[in-house]
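The residues making up each chain are set out below.
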Amino acid sequence: MARREPPVRWAPRLRPERLRRLYTADARGLVDEELIDDVGFALYSRCRSILTASRAMHGEVECPQCETVIRREPLDADYPLVCPQCGWATTWGEYHRTFQHQELYGGGAIDIFRWYVEQWERAATPQQKIQLIDRLVHAWHWETRQDHILGRPTGVNLIEGNRQQVLAVLDGLTYGPGSSPGLAEMDAAWRETWRRVQAGTKPNCEE
Ligand SMILES: [Zn+2]
């Protein structure tokens, strides 16, 4: 290809220490708006990337230059992707490689990633924002579907590390008398779900 196309960019996963700092400050009753916005917006960008990559997997590729949706045939790596609007061009195989193995496929948690993006755009107060962040990172794949076995933690898509490391990060978050309303209850509910995942309802890890 003669033309030099701009690289496709995906938002990275959150560094665990940023999440730890957020929960430690919150447990002390500190409202650090800058930190809340920093973490919340990083997760918002990540969720948007997950939605874009997941949509591409289902046949609708968003042009990285002008956001025009390009429809593609499934499973053909050589399939040419050409934006009818701005001329951006690649193949499905090349495009797919830009997000493969990066935990960008939303799978059974796509509902919650979409929910977070919509809610974050409307959130006004630091309290609302921290509750959204809390809900997002403590969700599980297939949690919103009654007909599926519970899956992996959404944190795997959002926070750096493998499944075990991400579970350790979530397990080690700090709560205290100053914690925002609802966070301790969410933690308890999350632990209960974790127990159920471990106790035989075999998790669907390879979705
Ligand atoms: Zn375009």
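Residues numbered from 1 in each chain as written. Predicted model: local features only at pLDDT ≥ 70, side-chain atom pairs only at ≥ 80, totals over all residues. Heavy atoms only, no water.

**Things to note about the overall build of the chain**
No. 1: The number of helices and strands found in the chain is 8 helices and 4 strands.
No. 2: Tracing the chain from N to C terminus, the helices and strands come up as α-α-β-β-β-β-α-α-α-α-α-α.
No. 3: What you see for the chain is a C-alpha radius of gyration of 19 Å, in line with the 17 Å of a compact globule of 207 residues.
No. 4: By the burial criterion, 46% of the 207 residues in the chain qualify as buried.
No. 5: Taking the intrachain contacts of the chain between residues at least 6 apart in sequence as the baseline, contacts between residues at least 24 apart amount to 62%.
No. 6: When the accessible surface of the chain is split by element, carbon and sulfur atoms take 48% of a total near 11,200 Å².
No. 7: For the chain, the distance from the average position of its 26 positive side-chain charges to the average position of its 29 negative side-chain charges is 2 Å. (Helix = DSSP H or I, 4+ residues; strand = E, 2+ residues; numbered from the N terminus. Rg over C-alpha atoms; globule rule 2.2 N^0.38 Å. Buried < 20%, exposed > 50% of the residue type's maximum accessible area, 1.4 Å probe, protein only. Contact = heavy atoms within 4.5 Å. Areas by Shrake-Rupley, 256 points an atom, 1.4 Å probe, with all protein chains shown as cover. Lys, Arg positive; Asp, Glu negative; His and termini not counted. Charge placed at Lys NZ, Arg CZ, Asp CG, Glu CD.)

**As for the coordination of the zinc ion**
No. 1: Protein coordination at the zinc ion comes from Cys 63 (SG), Cys 66 (SG), Cys 83 (SG) and Cys 86 (SG), with a distance range of 2.2 to 2.3 Å.
No. 2: Around the zinc ion sit 4 donor atoms; with metal-centred angles ranging over 101 to 117°, the donor geometry is tetrahedral.
No. 3: Counting the intervening residues between successive donors of the zinc ion yields the motif C-x2-C-x16-C-x2-C. Of this pair, Cys 66 sits in the loop between strand E1 (60–62) and strand E2 (69–71) while Cys 86 is found in the loop between strand E3 (80–82) and strand E4 (89–91), placing the two residues 20 residues apart along the sequence. (Donors = N, O, S within 2.8 Å, 3.2 Å for Na, K, Ca; no water. Tetrahedral: all angles 85-135°; square planar, octahedral: opposite > 155°, others 65-115°.)

**Considering the packing of helix H2 (residues 33–57) against helix H4 (residues 110–122)**
No. 1: Contact pair H2 / H4: the axes reach a minimum separation of 9 Å and the direction vectors enclose 135°. As judged from the angle between their axes, H2 and H4 are oblique. The handedness of the crossing between H2 and H4 comes out as left-handed. Here H2 contributes Ile 36, Asp 37, Gly 40, Phe 41, Leu 43, Tyr 44, Cys 47, Arg 48, Ile 50, Leu 51 and Ser 54 to the contact with H4, which in turn contributes Ile 110, Phe 113, Arg 114, Tyr 116, Val 117, Trp 120 and Glu 121.
No. 2: Of the residues assigned to the contact of H2 with H4, the class counts are 12 nonpolar, 2 polar and 4 charged. (Axes fitted to C-alpha atoms, helices over the stretch in contact; angles between N-to-C directions. Parallel < 35°, antiparallel > 145°, perpendicular 65-115°, else oblique. Left-handed = near helix turned anticlockwise from the far one by under 90°. Nonpolar A, V, L, I, M, F, W, Y, C, P; charged D, E, K, R; others polar.)

**Here we look at the side chain of Ser 54**
No. 1: Within the element layout of this structure, Ser 54 appears in helix H2.
No. 2: Ser 54 gets classed as buried once you look at its relative accessible area, which sits at 3%.
No. 3: Excluding residues that lie within four positions of it along the chain, Ser 54 makes contacts with Leu 104, Tyr 105, Gly 106 and Ile 110.

**Quick notes on the environment of Gln 65**
No. 1: Here Gln 65 shows up in the loop between E1 and E2.
No. 2: Note on Gln 65: relative accessible area 42%, which makes it partly exposed.
No. 3: Put simply, Gln 65 and Arg 152 are 87 residues apart on the chain and 33 Å apart in space, counted from C-alpha to C-alpha.

**Points about helix H1 (residues 16–27)**
No. 1: Between the first and last C-alpha of H1 there are 17 Å, a value that for 12 residues agrees with the 16 Å anticipated at 1.5 Å per step.
No. 2: Considered for burial, the residues of H1 that qualify are Pro 16, Arg 18, Leu 19, Leu 22, Tyr 23, Ala 25, Asp 26 and Ala 27.
No. 3: The inward-facing, buried residues of H1 abut H2, helix H5 (126–137), helix H7 (163–171) and helix H8 (183–198).
No. 4: Two residues or fewer after H1 comes Gly 29, characterised by a positive phi angle close to 80°. (Expected span 1.5 Å × (residues − 1).)

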